[in-house]
Each structure stands twice: as C-alpha cells, then as structure tokens.
Amino acid sequence: MSRQECAMKTRPFATALFLCLLLLPLQLFADDTLECISGDLALTFHQGSGGIRITRLQDLGKDRNLLAALCRPLFVLVVCDQDGKETHVPSTDGWERVGMEATDGGALLRWEGYPGANLSTFTVEVRLYARPEESAWEWHIATAGALNTTRLEDVVFPQITLHESICDGGILYPDGPGALIQYHWDADMQKWQRYGGGWGSMQFMSTFSRWSPEQNQSGFYFAMHDPQGSAKEIVAQSKAKERTVSLFFEHPIPDTTRTNNYSLPGKAVWRLFRGDWFDAAQYYKNWVQKNALWMPRLGREGREDTPLWMRELCVWAQTGGTPEEVTERVKSFADYLDVPVGFHWYNWHEIPFDNDYPHYFPAKEGFAEAVQALQAANVYVMPYINGRLWDTHDCGAEDCSFTSLALPAVTKEEDGAPYIEKYGSRESDGSEVALGVMCPATPLWQNKVKEIVLRLQKECGVKGVYIDQIAAATPALCMDPSHGHPLAGGSWWNLSYWNMLDRIRREMPEGHVITTECNGEPYINRFDGYLSWHWQTDGQLPVFPAIYGGTIQCFGRSYGGGETASLALRMKAAQQLVFGEQIGWINPDLAIAEENAAFFKQIVQLRWLLRRYFYAGEMLRPPVTGGTIPQVRADWQWHGEHPVITDALLTGAWQIAGETRTALLFANVSDEPIEAPIVLRNTGTDGASLARTVLTDKSTAPVPDCITSGEPVMITLPPRKALAWEFGEAIRYSPR
C-alpha cells in the first residue's frame, strides 16, 4: 500500500494564537513546516522569514537521509534591470510574503514581492503532485508580474543538493548515449550542457548509492518531462570535500523582453527507486513513449516510415574526395564485408569543407555517375551538407550573398549582433572562416535546406542526405523579433526544425532518408539515422539505446589512430554491436587492414544475422557474467589522446517483444581467451530445457543446442571473437 500525505505542522504558540494572527503576514509563522510523503520519498519544507527551504529529503524504506547539510534553494530567478545588471533571486529569503499549504494530492508553495530586485508585484507558485505508487514527486513552477524596470530572464528550477548516501555509486549524465560519472569525489566536478544536442541528449539525470551484495542499489531520478523539449541547461555539480552532488535545470524563458510571466513546460520529476542506470532509463522511456512529441510511430517492423534498406543496414564507410578517389575503395570495402554498405561521402562538392556554405553545387565532375555505379553495387550513398551555417564570406574571400541575403535570417544576440561560429577552416586569403548560425524559423533557411536535399536526391540520385549539426549543436537563443518566434527560450527552435524537416520528408522520393549528427532526442521522428560518432566517453552506458532502440538507427564512431588503434577499433566496433548501432563510419582502408579486417568483418556479419532485433526490437538489460572479467585500455583519439577503459568482454541483449525472441550478444575484444559463467532462465521453473542457437557470421552455419534453465553455462570466446545466443522465448539471466 503506497503512502501519500502532506501535513502542516506549527509550534504550539502559533496554533494557539491562530485567530489573533489571521490578519498578519504569512511569514510571521516563522517555524511552520510542511511534511509531504509520496511512497518511500518524504519531503519537509520550512517556512522562515522571507522564504521557504527544503529541510528534509528522506528515503523512508531505508530510513536514510538524502539531503546535504547545505542545500541549494529550490529555485533561483535570474532577473535583469534596465541597465543590464543581473540579480539572482532565491526561494529562501528576501520575499515580502510567503506561504505553503497541503492540497489534494500534493502541496502549494507561494512567494510574493521581492523588493530587493524591484519586483514588488511579482509572484511565484510551486505546485507538488504526489505519485506514491512510484515514490515520486512532480513539480511545476509559474511566475506572474508586470514587466517594469526588472525583467525575468532565467528560471533555475528545481534544484537539490544530495547527501553522499545517494551519490556514492555515481552520477548518470546524458552525455552522448549516457555516461556514469564515478570520479566525482576525486575533485570538484561540473557537467553543464544545454539540452537538445549530442552532449545533453536527454532530459534526465540520476544518482546512485554504492552497490553491495548485501543490499539493493538505490537511485534518485531527476528529470524534466517536457514533451516539446524546450531549451534548458542540464547541470550536475559535485563538491569533493563535502561529498555532495547538486542537480538542477536552468530554463531561459521565452519572450524575455516582453513578459515576466512564465510557466514551466511539462513537469519536473524527482523519483526514488531501487535499481541502476537501466531502471532509470526505463522510467524515462515510459514517459517518452506516452508523451514526447518526437516519439515516432512504431509498427511490427519498427519505423515503417524509414525504408527497409536503412533499417537493415549494418555498416558505414566514411571518406571523401573525387569519384576517382573513393569509388573503387568503397566497392572493395563492400565486397570484402559481403553485406549492403552505407557510404557517407564528404567533399563531393567543389567548395572546400566548412567554407562557402551553403553553395554546394556544382558537384565534382562525375559525382552523379559514381553515385549510380556505387548504388548498383549495393552501396547506399549519403553526401554531407550542413544544416545550420552560412559562410560570411561565401565566394572565396568575398561576401557575395551573406550580407545581402542571409544576414537578416541569421540568429541574433540581444544587441543585434549575429551568432558566429568558427571551426578552424581558412578562406582563400588565409583568414579564418566565420560562419553565421541560421535561424530555423526563417523561410529563407527552411527553403534553402529543402532545396539542397531534394536536388541531391532527385538530380544526383543519392539515397540519403546527411544534414550536419541539427541534433548536435544546441538551440541558439535568438533575439531577432523579425523572425516571428518567441525571443530566447522555449521550444520554438525544435518546432521550426520540425516544420523544415516535415516539408522535406513530404517531398522526398520514396525509399530515401535524411540523417544528422549526434543524438539530441527532439528530432528522432524527423530523421532516419543519427551519427553517433561522439559516443567516445569513458564510462558511457547504452542509456539512449535502452530508451530509443528500434526508433532510429544510430551509426558511427570516430575511429582514430595511435599506438593502440587496433584495440580501440575492436572496443568501438564491439560496443557498437551490443549497443545496437550500425557499425563503422570508418575509412575503408582502416577497416580492411590486416590487423583489423577479420574482427571487423565478423562483427558486421553477426549484426547482419541479428539485424531485425535492432529495428523491430528493443534493448534489454545487458547480461552480467560471473567470474572476474579483465579490463582493456586504449587511446580512443578524441580531440587528442583520450584513454577509455572497458571490460574485455562486452555484452548486450535485445528482444523482439511481440515474438518473445531474445538474442544475447558477447564480444571478446582482447588478445586472450575468455571464459565466464552465466545463469539463464525462462519464465518457467528451473530445470527446464532451453533451446539455443549460436550465431557467429554469414559463412558459419547456426549451431542449435539446448541448455538447462537455472544452471550455469559457460561463455567461451577465443581472442577477437564475437557470438550471439538466440532463444525463441523471453530469457532472464544472472551472473551465477
């Protein structure tokens, strides 16, 4: 039976004098507290002089305090006066009137008047909604007030500072596929990313207690459930000396120069749970599937608006240059792997890379003919274009059309200056290329991107177009009122790109695709693939695939050099396999080099045998084996030297739910054989026979056999080998 309760408590003298004090300001009840319980998660608020603060966050199931001694305010408002001076307004002090009350199913907290920032007619309301069956609280904040000399710019909400008891096991941050940070007590740490790009890809974080065999791990889920994915900063900070972790979201408000009224889009959620990163991912997945406006429709075969060839594709080549420089190399790559291949073609155009955008035409001589020849050889061609940038000197070193045509449609700073980005490319005169960030709400940019994509698909015959940066770079807080969108924050950036991409998809020829860079979640149902090249973080976990497996095809890692390049390649390719990604995005010569070819080919062909799991199925919790698994360490070459450590045995599990078919994947990336026990069970009783099929590659016949439910079975893998066990039923597994 779940627990739910919110109750006010006051000191006896306040209760006795209640009738006499009815007309006095609320803040005179200086010692009032409000106690709220939702399942196992309890909160206590203290109403002091001029503010309200959280004084208790309790895990009732384990009788454990979760709140740090010094806790951040529940909210901070960032306001700005007419001279540009910024003031931070906390929930904890300085208010003229404050109050709180229990409501049906939750609580209401209220603040009125903040003279310290000239906000005398300003109010803030925070509402809490209990979800006792989930030990969760949902939060909402709204502000109201006349716009005078002080304007509201940002709302930092909610904030919490957690005790080490719920942080010792690490911090899950939405960096790429998701990363578990476990070095947070070594030194002060901060992760701060704007949501919507590849390094803030999802709207949730979690912290965990330290795992031990004696007790289940606990987690604290901290999320925004915002169905339109509005602009926000996602922040995790640790203090090593105090051994605390602070989590918060910062929301830039829309129309910041026009109003002080703000209402949080969606709800913030705090949830106490028993489990690990996979459980946290499932909570977010459950919300996404029911509410997120970017969630695609899924049929029996997954994304049926994505062509089958793209859903089935298993490997990508990536290189660039003239048709003479790339065609035969890519064909040899496809012939060796003996599966259909995707080819991401860079520098197919006459202009230099990251220069003279968006004037991609004319293409290099023979481009269309090479596309036709490659696609006849089972190679699907996808050229590069950029989806955000216009060169300020777009004809060599000259400004041909930027100022006269593009500048009005560029995103603007508050002072009217254009947002400019530089990536190290050079103009013909040696100066650094400066690129304007285009506003996706403008008809000019919507039409320009559509024109380029459709010309490539219809005139050049390519099967796909890669539109760079859209799910990688984060929203610019454009302040140009002529563009017709709300200024600064809100969801308008996503909605504008949705409109652009919807128009492209309506006019694309049948059987064609569009993809983009990285994995910012708000664009999933508008793209057919995400280039996951930046999934390079030590400690990363397949959180994104656990949520979105089967909804979009993720492809690609950055394959570099260095002294451990061959080991790094095996680690990346094997991780791509178990994460459910399409393998590669690799220079063809590197993939089929002698030291890499056999392993790479086997990984690709094993994925081909299992390909339906990755577009019509979903990820299960990765298996954990018994025994001691050695670790491997290699330089993954990300912006220089970048050491990454993983287990030598990488594992994954996928299931086609409607058919209860399950595949367990194992890859040994090391140079030594590995043996490890695992216990498998079906939904029946121990001792039952489980029919298993062992898969390795296209040239090796599947091996059927039987194992016994509930008894240990050994995973035996030679060096540099992978295999899969396929079952015709749902399977549970444990280390021993």
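For the structure itself, consult the block above.
Notes on the structure in this doc start here. On a predicted model such as this, the values are computed, not experimentally measured, just so you know. (Residues numbered from 1 in each chain as written. Predicted model: local features only at pLDDT ≥ 70, side-chain atom pairs only at ≥ 80, totals over all residues. Heavy atoms only, no water.)

Here the residue pair Phe-157 and Pro-158 is connected by a cis peptide bond, since its omega of -15 degrees sits within 30 degrees of zero. Between Tyr-357 and the following residue, Pro-358, the backbone shows a cis peptide bond with an omega angle of 5 degrees. Relative to the elements of secondary structure, Pro-358 occurs in the loop between β23 (341-346) and α5 (367-376). Residues other than glycine seldom take positive phi values, yet Asn-378 does so here, at roughly 70 degrees. Tracing the backbone shows Asn-378 in the loop between α5 and β24 (379-386). For Asn-378, a relative accessible area of 35% translates into the label partly exposed. For Gln-637, which is not glycine, the phi dihedral falls at a positive 55 degrees. Position of Gln-637 relative to the elements: it lies in the loop between β34 (631-635) and β35 (643-647). Assessed through its relative accessible area of 30%, Gln-637 is described here as partly exposed. (Helix = DSSP H or I, 4+ residues; strand = E, 2+ residues; numbered from the N terminus. Buried < 20%, exposed > 50% of the residue type's maximum accessible area, 1.4 Å probe, protein only.)

One can describe the packing of helix α4 (residues 323-337) onto α5 by two numbers: an axis separation of 10 Å at closest approach and a directional angle of 5 degrees. With respect to their mutual orientation, α4 and α5 come out roughly parallel. Counting all contacts with α4, which are made through Pro-323, Thr-327, Val-330 and Lys-331, the residues of α5 involved are Phe-367, Ala-370, Ala-373 and Leu-374. Class assignment for the residues of the contact of α4 with α5 results in 6 nonpolar, 1 polar and 1 charged. (Axes fitted to C-alpha atoms, helices over the stretch in contact; angles between N-to-C directions. Parallel < 35°, antiparallel > 145°, perpendicular 65-115°, else oblique. Contact = heavy atoms within 4.5 Å. Nonpolar A, V, L, I, M, F, W, Y, C, P; charged D, E, K, R; others polar.)

Formed by 222 residues in total, the largest nonpolar core has its most connected members in Phe-45, Val-126, Trp-139, Trp-270, Phe-600, Leu-680 and Trp-725. In terms of residues, this core owes the most to one element, helix α10 (residues 565-579), which gives 9 residues. Those residues in contact with Phe-600 that sit more than four places away from it in its chain are Val-315, Phe-333, Leu-337, Leu-569, Ala-573, Ile-583, Gly-584, Ile-586 and Ala-591. (Core = buried A, V, L, I, M, F, W, Y, C linked by side-chain atoms within 4.5 Å.)

For the rest of this paragraph, the subject is the state of the cysteines. Within the structure shown, the criterion is met by 1 disulfide. Bridging Cys-395 to Cys-400, the disulfide has an S-S length of 2.3 Å. Here the disulfide of Cys-395 and Cys-400 is left-handed, its torsion about the S-S bond being about -140 degrees. Among the residues examined, Cys-395 registers a relative accessible area of 34% and is labelled partly exposed. Cys-400 sits in the partly exposed class, given a relative accessible area of 42%. Summary of cysteine pairing: Cys-80 is not part of a disulfide, and the nearest cysteine sulfur, belonging to Cys-478, is at 18 Å. Taking the relative accessible area as the measure of exposure, Cys-80 reaches 6% and is therefore buried. With no disulfide of its own, Cys-439 has Cys-478 as its nearest cysteine by sulfur position, at a separation of 4.3 Å. By relative accessible area, which is 0% here, Cys-439 ends up buried. (Disulfide = S-S within 2.5 Å.)

Attention shifts here to the environment of Gly-266. Here Gly-266 shows up in the loop between β20 (262-263) and β21 (267-274). Once you skip the residues sitting within four places of it in the chain, Gly-266 turns out to touch His-140, His-225, Asp-226 and Pro-227.

Here Thr-306 shows up in the loop between α2 (277-291) and α3 (308-312). What Thr-306 contacts, discounting residues up to four positions off in sequence, is Arg-311 and Asp-528.

We now examine the side chain of Asn-355. Positionally, Asn-355 belongs in the loop between β23 and α5. The class for Asn-355 is buried, based on a relative accessible area of 4%. Side-chain polar atoms of Asn-355 contact the backbone oxygen of Arg-426, separated by 2.8 Å. Look past the residues within four positions of Asn-355 in its chain and what remains in contact with it is Asp-391, His-393, Arg-426, Glu-427 and Val-433. (Polar contact = N/O pair within 3.5 Å; in protein donor to acceptor, adjacent residues only side chain to side chain.)

All right, on to the pairing of strand β12 (residues 150-162) then. Of all 13 residues in β12, 13 are buried, a share of seventy percent or more. With 6 bridges connecting them, strand β6 (residues 76-81) and β12 associate as antiparallel partners. Bridging from a neighbouring strand, Val-78 pairs with Asp-154 of β12. Pairing analysis gives 7 bridges linking β12 to strand β19 (residues 244-252), with the strands arranged antiparallel. Looking at the pairing, Val-155 lines up with His-251 of β19. (Pairing = 2+ DSSP bridges.)

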